[in-house]
Structures are given as C-alpha cells and as structure tokens.
Amino acid sequence: MRYVENEGALFRIAGPSNAFPNEVWSPKEKKFVPYEGDVPKPVSWGQDVPKEEAERFIQECGGQP
C-alpha cells in the first residue's frame, strides 16, 4: 500500500499508478474509507508520501496508523 497526498487529502493506493486511489483518510471518522470520487486520475495527480510522514499525519488527526 502506498500513500499519496493531493490538495491536502491523504490517499492509500494499492497499485503502481496514482490513477485509481483505493481509500482516502476521513478526519471525521478517523480512518481510511473507500474512495468514491472520479477515476482515473490524470498522470500528474498526487504526490507520493513516505509511510512515516503519512503515519505522523494520521496520528496528528487523532487516528491510529
């Protein structure tokens, strides 16, 4: 699983391409929820985030990585 940030939102992606995000972090629910937005995303969409940085973000939002 990879972490990707786009416009302040954190996504988890299982595949090698950012075009099809699987989940998005929900600050309200404090967990990842299925992504239901438009796909595929453009090639330039999102930026890879190191696992440690993603986990720190999740903890800062009150969640458990």
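What comes next concerns the included structure. Here the structure is a predicted model, which means the values were calculated and not measured.

Considering the packing of aromatic side chains
Part 1 of the argument: For the structure on display, the rule yields four aromatic pairs.
Part 2 of the argument: Taken together, a centroid distance of 4.9 Å and an interplanar angle of 70 degrees make the contact between Phe-11 and Trp-45 edge-to-face. In this pair, Phe-11 is assigned in strand 2 (residues 9-13) and Trp-45 in the loop between strand 4 (31-34) and strand 5 (47-49), connecting sequence segments 34 residues apart.
Part 3 of the argument: What makes Phe-11 buried here is its relative accessible area of 6%.
Part 4 of the argument: Looking at Trp-45, the relative accessible area reads 10%, which means it is buried.
Part 5 of the argument: The structure contains a cluster of three or more aromatic residues connected by ring pairs, namely Tyr-3, Trp-25 and Phe-32.
Part 6 of the argument: If you follow Arg-12 out to its NZ or CZ, it ends over the ring of Phe-32, 4.1 Å from the centre.

What to know about the sheet that holds strand 2
Part 1 of the argument: Strands sit in the order 4-3-2-1-5 across an open sheet of five strands; the sheet is antiparallel. The sheet terminates laterally at strand 4 and strand 5, the two strands that pair on one side only. The mean angle between the axes of side-by-side strands here comes to 40 degrees, regardless of whether they run parallel or antiparallel.
Part 2 of the argument: Inspection of the sheet shows strand 3 (residues 23-26) paired to strand 4 by four bridges, in the antiparallel sense. Bridging across to strand 4, Val-24 finds its partner in Val-33.

Parameters and conventions
- Residues numbered from 1 in each chain as written.
- Predicted model: local features only at pLDDT ≥ 70, side-chain atom pairs only at ≥ 80, totals over all residues.
- Heavy atoms only, no water.
- Phe/Tyr/Trp six-rings, centres within 6.5 Å; stacked < 30°, edge-to-face > 60°.
- Helix = DSSP H or I, 4+ residues; strand = E, 2+ residues; numbered from the N terminus.
- Buried < 20%, exposed > 50% of the residue type's maximum accessible area, 1.4 Å probe, protein only.
- Lys NZ or Arg CZ within 6 Å of the ring centre and 35° of its normal.
- Pairing = 2+ DSSP bridges.
- Axes fitted to C-alpha atoms, helices over the stretch in contact; angles between N-to-C directions.

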